[in-house]
Amino acid sequence: MYDYLVVGSGLYGATFAQQAKAKGKSVLVIDKREHIAGNIYTEKVEGINFHKYGAHIFHTNNRTVWEYLQQFTVFNRFTNSPVANYKGELYSMPFNMYTFNKMWGVVTPEEAKAKIDEQRKEIIGEPKNLEEQAISLVGRDIYEKLVKGYTEKQWGRDCKDLPAFIIKRLPVRLTFNNNYFNALYQGIPIGGYTQMVEHILEGIEVKLGVDYLEHKEELDKLAGKVIYTGPIDTYFGYSLGYLEYRSVRFENAVLNTPNFQGNAAVNYTDRETPWTRIIEHKWFEFGKDENGKELPKTIISREYSSEWKLGDEPYYPVNNEKNGKLYEQYKKLADVEDKVIFGGRLGEYKYYDMDAVVESALEMSKRELK
């Protein structure tokens, strides 16, 4: 008999399992996939740490989370500076003085601000949707070229039908700072995320290829409590209906060239290009292997955003009013389950960045492992 059965070996499950073991608890971690680390799983291909489920760039202002993860990995100094490609025109992301110079030919922050202020005027009162929110932040020109097409591909909905809050985080800078994240700590684990999760789970029993919900009755008997990190609606057999997600499909290619696009991420912001972005994985670790040797080949992933359907990998919760209400109903069911704790992006139906997942797992561990 184990103290805890942890369902899912992603960041939330692995963090809790590590904390429980450190407190002398017995833990079994299971995962229905044939590998650990959930969606942050990386595998070595042609000497490159390939992000199998899309690009993951760690960034945080939370010192506790950063120091916690430092026990299990060393982060490199990767800084996220995506490039936006609009029909062959290249712009800096986040929106900064390079972007404004390319868009309008302005040179000083004062000129850029005046241009944005002039274009903002069309939005009167509180922005009612994503389109109005974006125009009120960056003006019509940047919205049309760099926001509209990308966002509509990503969410599969017209910008007028999306809530304003989705884009409130849009960084706009009147400086030449190309660092996308306003984060004190940022980087990629040297050796890949899988290696980091392996270290977190060191000394903990892990069983792969085990579908919890298919064997729920017998697995529940193995432990006093269950930490469940899968989708909350799946746990309850979709009894109240389906929560909506966006999914992502990847087209991966190994190319016989050392450099395809010269950057880790290039966003395609026009509506006509079917993919949202292309990731070139080697640039997360500066194009070199662990010994500092230049790598002769490269791997790219074209990302296509799609509506989630049964059987797909759920990536992003669609946090609108309808789904919020349905989640609240599921949460009421979850609160009655005294043996089960629901956590993580899917278990809490929440758009979490990686650092927030770790923070949430550490906080829950504190409450649970007294």
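A quick note: this is a predicted structure, and the numbers were derived from the prediction, not measured.

### Considerations on unusual backbone geometry
Turning to step 1, where the next piece is worked out: Put simply, Met93 and Pro94 share a cis peptide bond, and its omega is 0°.
Turning to step 2, where the next piece is worked out: On the secondary structure map, Pro94 appears in the loop between strand E7 (89-92) and helix H3 (97-104).
Turning to step 3, where the next piece is worked out: Look at Glu46: it is not a glycine, yet its phi comes out positive at around 55°.

### Details of the sheet that holds strand E16 (residues 340-342)
Turning to step 1, where the next piece is worked out: The five strands are arranged E9-E2-E1-E10-E16 in an open sheet whose pairing can be described as parallel. Among the strands making up the open sheet, the edge pair consists of strand E9 (205-208) and E16. Each strand axis lies, on average, 20° off the axis of its neighbour in the sheet, ignoring direction.
Turning to step 2, where the next piece is worked out: Judged from the five bridges that link them, strand E1 (residues 2-7) and strand E10 (residues 223-228) form a sheet pairing that is parallel. Of the residues in E10, the one forming a bridge with Tyr4 is Lys225.

### Notes on the pairing of strand E6 (residues 83-86)
Turning to step 1, where the next piece is worked out: Here four bridges tie E6 to E7, and the two strands are oriented antiparallel to one another. Each bridged residue has a counterpart across the sheet, and for Asn85 the counterpart in E7 is Leu90.
Turning to step 2, where the next piece is worked out: Connecting E6 to the next strand, E7, in antiparallel fashion are two residues, including Lys87 with a positive phi near 50°.
Turning to step 3, where the next piece is worked out: Taken together, the three bridges between E6 and strand E12 (residues 265-268) define a ladder with parallel strand orientation. Counted as the bridge partner of Ala84 is Asn267 from E12.

### Description of the side chain of Arg33
Turning to step 1, where the next piece is worked out: Inspection of the secondary structure puts Arg33 in the loop between strand E2 (27-31) and strand E3 (42-45).
Turning to step 2, where the next piece is worked out: Among the polar contacts made by the side chain of Arg33, one reaches the side chain of Asn39 at a distance of 2.8 Å.
Turning to step 3, where the next piece is worked out: Not counting chain neighbours up to four residues away, the residues in contact with Arg33 comprise Gly38, Asn39, Tyr53, Leu208, Gly209 and Glu313.

Analysis parameters
- Residues numbered from 1 in each chain as written.
- Predicted model: local features only at pLDDT ≥ 70, side-chain atom pairs only at ≥ 80, totals over all residues.
- Heavy atoms only, no water.
- Helix = DSSP H or I, 4+ residues; strand = E, 2+ residues; numbered from the N terminus.
- Pairing = 2+ DSSP bridges.
- Axes fitted to C-alpha atoms, helices over the stretch in contact; angles between N-to-C directions.
- Polar contact = N/O pair within 3.5 Å; in protein donor to acceptor, adjacent residues only side chain to side chain.
- Contact = heavy atoms within 4.5 Å.

From the geometry alone we can't say anything about function, so treat these as descriptive.
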